[in-house]
Amino acid sequence: MSLVLDPAAQDLLFREAHTANTFTDEPVTEEQVQAIYDLVKFGPTAFNQTPLRVTLVRSAEARERLVQHMAEGNRAKTATAPLVAILSADNEFHEELPTLFPAFPQAKDAFFAERPVREGSAKLNAALQAAYFIVGIRAAGLAAGPMTGFDAEGIRKEFLDDDHTPLIVVNIGKPGEGASYPRSPRLPYEQVFTTV
């Protein structure tokens, strides 16, 4: 293999990692979440924009409110996961660009003055950051259960505002009994890559 990353780390992050549907009751600490972010915040995005926003759902009252907006098949696992995160895109991310992208502070107005352009960029780059976040959860020795089966407008109204678009809800914790399905197939290299 020509990868530099240790095989055990490759397994932890990708080959042996699965989406979790059940979790133990072991809590996920604020320190763990901070360590995850401190690692994944360095993942690349366009213009170093950072549109991802994470709402951690910890209280029982907030959990009840969230579960009501989840698809039926996602309710029980969301209700019982040690921690749930709502990942959203901040459509006003451009306000931070003069600080985050000092090489070209004019990018804020040159490229992102119009709201529809910002929304598209925020969604794409927050999705990149969400993927980094999921890999970071795995790097912390935890499992992630990312879901898109929810009422996005309901979650936006309940937890966010008009400037934020909910993307993914992620259950987080140590995997429980029967946490995952058997590994599903992946497309082979030849079906994915084209050389021109």
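Below or above, wherever it landed, is the structure these notes cover. Source: prediction; values computed, not measured. (Residues numbered from 1 in each chain as written. Predicted model: local features only at pLDDT ≥ 70, side-chain atom pairs only at ≥ 80, totals over all residues. Heavy atoms only, no water.)

### Section: the nonpolar core
Note on soluble globular proteins: their nonpolar side chains tend to be buried together. Definition in use: Buried residues of nine kinds, namely Ala, Val, Leu, Ile, Met, Phe, Trp, Tyr and Cys, make up a nonpolar core once their side-chain atoms join them within 4.5 Å. With a 1.4 Å probe rolled over the protein chains alone, any residue whose accessible area is under 20% of its type maximum counts as buried; one over 50% counts as exposed, and the rest are partly exposed. Starting at the N terminus, helices and strands are each numbered in turn, a helix being any DSSP run of H or I of at least four residues and a strand any DSSP run of E of at least two. When checking whether two residues touch, look at their non-hydrogen atoms; a contact exists if any pair is within 4.5 Å.
Ranked by internal contacts, the top residues of the largest apolar core, which has 24 residues, are L87, F133, I137, V170 and I172. Secondary structure elements with two or more residues in this core: α2 (30-40), β2 (83-90), α6 (107-112), α7 (115-139) and β4 (164-173). Among the elements that make up this core, the one with the highest residue count is α7 (6 residues). Those residues in contact with I172 that sit more than four places away from it in its chain are F23, V28, A81, P82, L83, A85, F133, I137, L142 and A143. The next biggest cluster of nonpolar side chains, apart from the first, holds 17 residues, and it includes A20, A143, F150 and L160.

### A few points about the pairing of β2
Note the threshold: When DSSP finds two or more bridges between two strands, those strands count as paired.
Counting buried residues in β2 gives 8 out of 8 residues, a clear majority hidden from the surface. Taking every second residue as pointing to the same face, both faces of β2 are buried, with L83, A85, L87 and A89 on one and V84, I86, S88 and D90 on the other. By the bridge criterion, 6 bridges tie strand β1 (residues 52-57) to β2 in an arrangement that is antiparallel. Opposite L56, over in β2, you have A85 as the bridge partner. As paired elements, β2 and β4 share 8 bridges and run antiparallel to each other. If you follow A89 over to β4, its bridge partner there is T165.

### As for a nonpolar patch on the surface
The test is simple: What goes into a patch is any residue over 30% in relative accessible area without a salt bridge, connected to like charges within 9 Å or, for nonpolar side chains (Val, Leu, Ile, Met, Phe, Trp, Tyr), within 5 Å. Here the open area of atoms and residues is found with the Shrake-Rupley method and a 1.4 Å probe, where only the protein chains shown may cover a residue. A pair is scored as a salt bridge if a Lys or Arg side-chain nitrogen falls within 4 Å of a carboxyl oxygen belonging to Asp or Glu.
The grouping of L187, Y189, V192 and F193 at the surface amounts to a nonpolar patch, some 460 Å² of accessible area in total. Note on placement: F193 falls in the segment after α9 (189-192).

### Remarks on empty space enclosed by the protein
Note the threshold: Grid points spaced at 1 Å over the protein atoms alone were grouped into cavities, where a 1.4 Å probe fits but cannot get out, and pockets, open sets with protein on both sides within 12 Å along at least five of seven lines, with lining residues defined by an atom within 4 Å of a point. Grid points are joined across faces, edges and corners, and a volume is the space filled by probe spheres set on the points.
All told, the structure shown has 1 cavity of 30 Å³ or more when counted by the stated rule. If you add up the space inside the largest cavity, you get close to 50 Å³. Where the lining of the largest cavity is concerned, the elements lending two or more residues are α2 and α7.

### Digging into the packing of helix α1 (residues 7-15) against α7
Test applied: For helices, the fitted axis covers only the stretch in contact; all axes are lines through C-alpha atoms, and the angles between them, taken along N-to-C directions, range from 0 to 180 degrees. Throughout this description, any angle smaller than 35 degrees is read as roughly parallel, any larger than 145 degrees as roughly antiparallel, any in the 65 to 115 degree range as roughly perpendicular, and the remainder as oblique. Crossing chirality is assigned from the near helix's rotation relative to the far helix, an anticlockwise turn below a right angle marking it left-handed and a clockwise turn marking it right-handed.
At their nearest, the axes of α1 and α7 sit 9 Å apart, and the two run at 130 degrees to each other. On the basis of their axis angle, the class for α1 and α7 is oblique. For the pair α1 and α7, the crossing hand works out as right-handed. For the pair α1 and α7, the contacting residues are L12, L13 and F14 in the first and V135, R138 and A139 in the second.

### Examining α7
Threshold: Between the first and last residue of a helix there are one fewer steps than residues, each counted as 1.5 Å, and that sum is the expected span.
With 25 residues, α7 ought to run about 36 Å at 1.5 Å a step, and its terminal C-alpha atoms sit 35 Å apart, in line with that. Restricting attention to buried positions, one finds in α7 the residues R118, S121, A122, N125, A126, Q129, A130, F133, I134, G136, I137 and R138. In the segment just after α7, G141 is the residue with positive phi, at about 80 degrees.

### Some remarks on the packing of helix α3 (residues 60-67) against helix α4 (residues 72-80)
Stated formally: Residue type decides the class: Asp, Glu, Lys and Arg count as charged, Ala, Val, Leu, Ile, Met, Phe, Trp, Tyr, Cys and Pro as nonpolar, and the leftover types, Gly among them, as polar.
Their axes nearest at 9 Å, the elements α3 and α4 cross at an angle of 170 degrees. For the element pair α3 / α4, the angle class is roughly antiparallel. Where α3 approaches α4, its residues R63, L66 and V67 are matched on the opposing element by R75, T78, A79 and T80. Residue classes in the contact of α3 with α4 are distributed as 3 nonpolar, 2 polar and 2 charged.

### Here we look at the sheet that holds β1
In space, the 4 strands of this open sheet follow the order β1-β2-β4-β3, with antiparallel pairing throughout. This sheet does not close on itself; its edge strands, each paired only once, are β1 and β3 (143-147). Neighbour-to-neighbour, the strand axes of this sheet turn through a mean angle of 30 degrees, independent of strand direction. Here α3 sits on the sheet in contact with β1, β2 and β4, set at roughly 65 degrees to β2.

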